Amino acid sequence: MFGKKQSDTGPAKKPVAPTVGKEEKKPTPPPTPSPQPASAAVAAPKKESAAPDKVEVKESKEGIKSMEDELSLSAIQKESEHTAKENADSITSMRLQRARNRIWLDLRDGIDLKALARMDGKAAREEVCSAVEEIARFRNLDLTPAELQSVAKECADDMLGFGPLEELLARDDIADIMINGPDTTYIEVKGKIERTGIKFRDNQHLTTICQRIVGAIGRRVDESSPICDARLPDGSRVNVIIPPLAVDGACMTIRKFTKDKLTLEKLLQFGSMTPSCAKLIMAIGRCRVNVVVSGGTGSGKTTMLNCLTRYIEAGERIVTCEDACELQLQQPHVVRLETRPPNLEGVGEVTMRDLVKNCLRMRPERIIVGEVRGPEAFDLLQAMNTGHDGSMGTVHANNPREALSRMENMIAMGGLNLPQKAVREQIAGAVQVIIQVQRLRDGSRKTTHVTEITGMEGEVVTMQDLFVLEILGEDDKGKLITRHKSTGLRPKFYDKARQFGVEQLVLDAMEEAYG
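> Looking at this structure, how should I read the packing of helix 10 (residues 275-286) against helix 17 (residues 503-511)?
The packing of two helices is summarised by the inter-axis angle and the distance between the axes. Between helix 10 and helix 17, whose axes approach to 8 Å, the crossing angle comes to 150 degrees. Here helix 10 is positioned roughly antiparallel relative to helix 17, judged by the angle of their axes. In this structure, the crossing between helix 10 and helix 17 has a hand that is left-handed. Between helix 10 and helix 17, the residues in contact are Ser276, Lys279, Leu280, Met282 and Ala283 and Leu505, Val506, Asp508 and Ala509, respectively. Grouping the constituent residues of the contact of helix 10 with helix 17 by class yields 6 nonpolar, 1 polar and 2 charged.

Printed below as a string of structure tokens:
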């Protein structure tokens, strides 16, 4: 029976009820619980927790989409506003351009240029402005009073001045104006170059302005003579080059001078040098030391030369030689000479060397050459060696040692075939001080060296630095941190300074090294 019951219970294990009933009677839990309820119990919470996450993701996606739609709508609105503004500006500019052309044609045909030329500047401008107003009224042009005033000023500038350049020439903070064709104009402000919106009507308009500038000093620029150096009435230096040499249209570069003459005191305010360095330069200018100012393009050589000449005594006779007169000497007894290019037949040229040679026959006490760039270097050195103490000049070079090499090369350009040692002896005997100026990469202009030439050792010219500039680093705004340092060396020209009563200035400059 037992075995029979065993066999009967074997197949009867399939129903769950008997087993559950037996488990309820036993106080202890079953050793192996069924896995199905456990898995079901665990799976249920997972389904409940997954549903809210999907909802949140869906809501966040909808939020992002709505934000993107808003951003795209705002971008479209901004773009449409910008396009509308551009269209309005273009319509306004076209309207103004048509009015300008109409006024200019009527003005050119109707105004009496000969009568205008006899008037002074202010009366002529008033005449042009009144003529423009009459034309606008007669033609019934659609112009506001401000636009009419602007057009009248443009016409007056074109007829009586230098056209679009008048706006830039009136500013006192510009150092250079660079025109690269009729549509591109750059200016230099505080040592940095930036583009302006100044434009000319066409290349012919720009060429006409160039011819007006150079014609004022009796020079010409045309296809047969496409390069010309000139100056403005205020002394600003001008260089012009026109087609066919300038491929993209006429180019003009103006080195503009400030209305207020720069002095050593103002250079001190700008941080170009220290008070001790300024005292030494004052002594150099006063005690008739032969000086060469060295530096790169736009570094301030002419400015330094102007500052030096301020300390020349009023009774001295000074003769200056320049390609285009730009020195602003403040002494009463000054003779200014200027080179001359050849005429149409290619004759009549007067070079810098001719001027320097002629200077020696004019009983000068000081000779100042604006820029030494050729064989005239030899004539200037001869003048320095033959009783014209205190002569000055400028040369393009990166440091004092290179300035000597440049002068040596310029003397060789004259084809004199002098031995190298003889040339170097001439330089060492003539030049006593080299003042090096430099425009640093942050746009500031500094006096980097005041160097004295002490003589010769063998075939080498010896020199000693009296002041040097040290670059310590850079601040947060990109400005270089610099320091002028006195070497404390006693200059060889100290005895000469004592003769002129300025030895105290030299001693004060030396004291900085020991203070």
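Read on, since the account is not over.
> Honestly, the sheet that holds strand 6 (residues 251-255) in this entry has me stumped. Any pointers?
Across the sheet, which stays open at both edges, the 6 strands sit in the order 3-2-1-6-5-4 with antiparallel pairing between neighbours. For this open sheet the edge positions go to strand 3 (192-196) and strand 4 (227-231), each flanked by a neighbour on one side alone. On average, each strand axis in the sheet is tilted by 15 degrees relative to the strand beside it, whichever way the strands run. Judged from the 5 bridges that link them, strand 2 (residues 185-189) and strand 3 form a sheet pairing that is antiparallel. Counterpart to Tyr186 in the pairing with strand 3 is Arg195. Contacts from helix 8 (residues 203-215) reach strand 1 (174-180), strand 4, strand 5 (237-241) and strand 6, with the element oriented near 45 degrees to strand 6.

> Please explain the pairing of strand 14 (residues 460-474) as it appears in this structure.
The pairing of strand 13 (residues 445-457) with strand 14 spans 8 bridges and is antiparallel. Each residue of the ladder has a partner; that of Thr451, found in strand 14, is Asp465. Where strand 13 hands over to strand 14, the hairpin turn is made up of 2 residues, of which Gly458 adopts a positive phi near 70 degrees. Sheet analysis places strand 14 next to strand 15 (residues 480-486), joined by 7 bridges and oriented antiparallel. Bridging from a neighbouring strand, Phe467 pairs with Ser486 of strand 15. The hairpin formed by strand 14 and strand 15 contains 5 residues between the paired strands, and Gly478 there has a positive phi angle of roughly 90 degrees.

> I keep staring at the confidence of the model for the protein chain and nothing clicks. Help me out?
Fine structural detail should not be taken from predicted coordinates in areas where pLDDT scores are low. Per-residue confidence for the protein chain averages 81 on the pLDDT scale, and 83% of its residues sit at or above 70. Below a pLDDT of 50 lies the segment residues 1-30, which in the model reaches 1 contact outside its immediate sequence neighbourhood of four places, other chains included. The model gives residues 32-52 a pLDDT under 50, and that stretch makes 0 contacts with residues more than four places away or in other chains.

> Looking at this structure, how should I read the nonpolar core?
Side chains that are nonpolar tend, in soluble globular proteins, to be buried together. The biggest cluster of nonpolar side chains holds 38 residues, and the ones touching the most others in it are Leu280, Ile284 and Phe493. A total of 7 residues in this core trace back to one element, the largest contributor, which is helix 10. The residues touching Phe493, leaving out its near neighbours within four places in the chain, are Leu280, Ile284, Cys287, Val289, Val433, Glu452, Leu466 and Val506. Cys321, Leu337, Val372 and Ile453 belong to the second-largest nonpolar core, a separate cluster that totals 33 residues.

> Mind showing me how you'd approach unusual backbone geometry here?
Glycine aside, the phi torsion of most residues is negative, and most peptide linkages are trans. Omega for the peptide link from Pro243 to Pro244 comes to 5 degrees, which places this bond in the cis form. The topology assignment puts Pro244 in the loop between strand 5 and strand 6. Positive phi values are uncommon outside glycine, yet Asn417 reaches one of about 55 degrees. Looking at the element boundaries, Asn417 is found in the loop between helix 14 (400-413) and helix 15 (420-430).

> Can you help me understand the sheet that holds strand 15 in this one?
Pairing between the strands of a sheet comes from backbone hydrogen bonds, and it takes one of two forms, parallel or antiparallel. Taken in spatial order, the 9 strands of this open sheet run 9-8-10-11-7-12-13-14-15, and their pairing is mixed. Edge strands, defined here as strands with exactly one partner in the open sheet, are strand 9 (334-338) and strand 15. With direction set aside, neighbouring strand axes in the sheet form an average angle of 25 degrees. The strands touched by helix 12 (residues 352-359) are strand 8 (318-322), strand 9 and strand 10 (366-369); relative to strand 8, the strand with the most contacts, the crossing angle is about 170 degrees. Here helix 15 sits on the sheet in contact with strand 13 and strand 14, set at roughly 120 degrees to strand 13.

> Looking at this model, I keep getting lost on the pattern of salt bridges. Mind explaining?
Pairs can form between side chains of opposite charge once their charged atoms are near each other. The tally for this structure, following the rule as stated, stands at 25 salt bridges. A salt bridge links Arg201 to Asp158; the shortest N-O distance between them is 2.8 Å. With a gap of 43 residues between them, Arg201 in the loop between strand 3 and helix 8 and Asp158 in helix 6 (residues 145-160) connect regions that are remote in the sequence. Relative accessible area serves as the criterion here: at 46%, Arg201 is assigned to the partly exposed category.

> Mind showing me how you'd approach helix 12 here?
For the α-helix, the turn length of 3.6 residues means that residues three or four positions removed from each other point alike. Every buried residue of helix 12 is accounted for by Met352, Leu355, Val356 and Cys359. Viewed end-on, helix 12 has its buried residues packed into an arc of 95 degrees, placing them on one side of the element. Those residues of helix 12 hidden inside the fold are in contact with strand 8, strand 9, strand 10 and helix 13 (376-385).

> Honestly, the side chain of Arg219 in this entry has me stumped. Any pointers?
Here Arg219 is to be found in the loop between helix 8 and strand 4. At a separation of 2.6 Å, a polar atom in the side chain of Arg219 contacts the main-chain carbonyl oxygen of Asp229. The contact partners of Arg219, leaving out residues within four places of it in the chain, are Val214, Cys228, Asp229, Asp323, Glu338, Thr339, Arg340 and Pro341.

> Sorry if this is basic, but what is going on with the pairing of strand 8 here?
The side chains of a regular strand alternate between the sheet's two faces. Counting buried residues in strand 8 gives 5 out of 5 residues, a clear majority hidden from the surface. Neither face of strand 8 is left uncovered, since the one carrying Ile318, Thr320 and Glu322 and the one carrying Val319 and Cys321 both have all their residues buried. Note: strand 8 against strand 10, 4 bridges, orientation parallel. Residue pairing for strand 10: Ile318 is matched across the bridge by Arg366.

Conventions adopted
Residues numbered from 1 in each chain as written. Predicted model: local features only at pLDDT ≥ 70, side-chain atom pairs only at ≥ 80, totals over all residues. Heavy atoms only, no water. Axes fitted to C-alpha atoms, helices over the stretch in contact; angles between N-to-C directions. Helix = DSSP H or I, 4+ residues; strand = E, 2+ residues; numbered from the N terminus. Parallel < 35°, antiparallel > 145°, perpendicular 65-115°, else oblique. Left-handed = near helix turned anticlockwise from the far one by under 90°. Contact = heavy atoms within 4.5 Å. Nonpolar A, V, L, I, M, F, W, Y, C, P; charged D, E, K, R; others polar. Pairing = 2+ DSSP bridges. pLDDT = per-residue confidence, 0-100. Core = buried A, V, L, I, M, F, W, Y, C linked by side-chain atoms within 4.5 Å. Buried < 20%, exposed > 50% of the residue type's maximum accessible area, 1.4 Å probe, protein only. Salt bridge = Lys/Arg side-chain N within 4 Å of Asp/Glu carboxyl O. Arc of directions from axis to C-beta. Polar contact = N/O pair within 3.5 Å; in protein donor to acceptor, adjacent residues only side chain to side chain.

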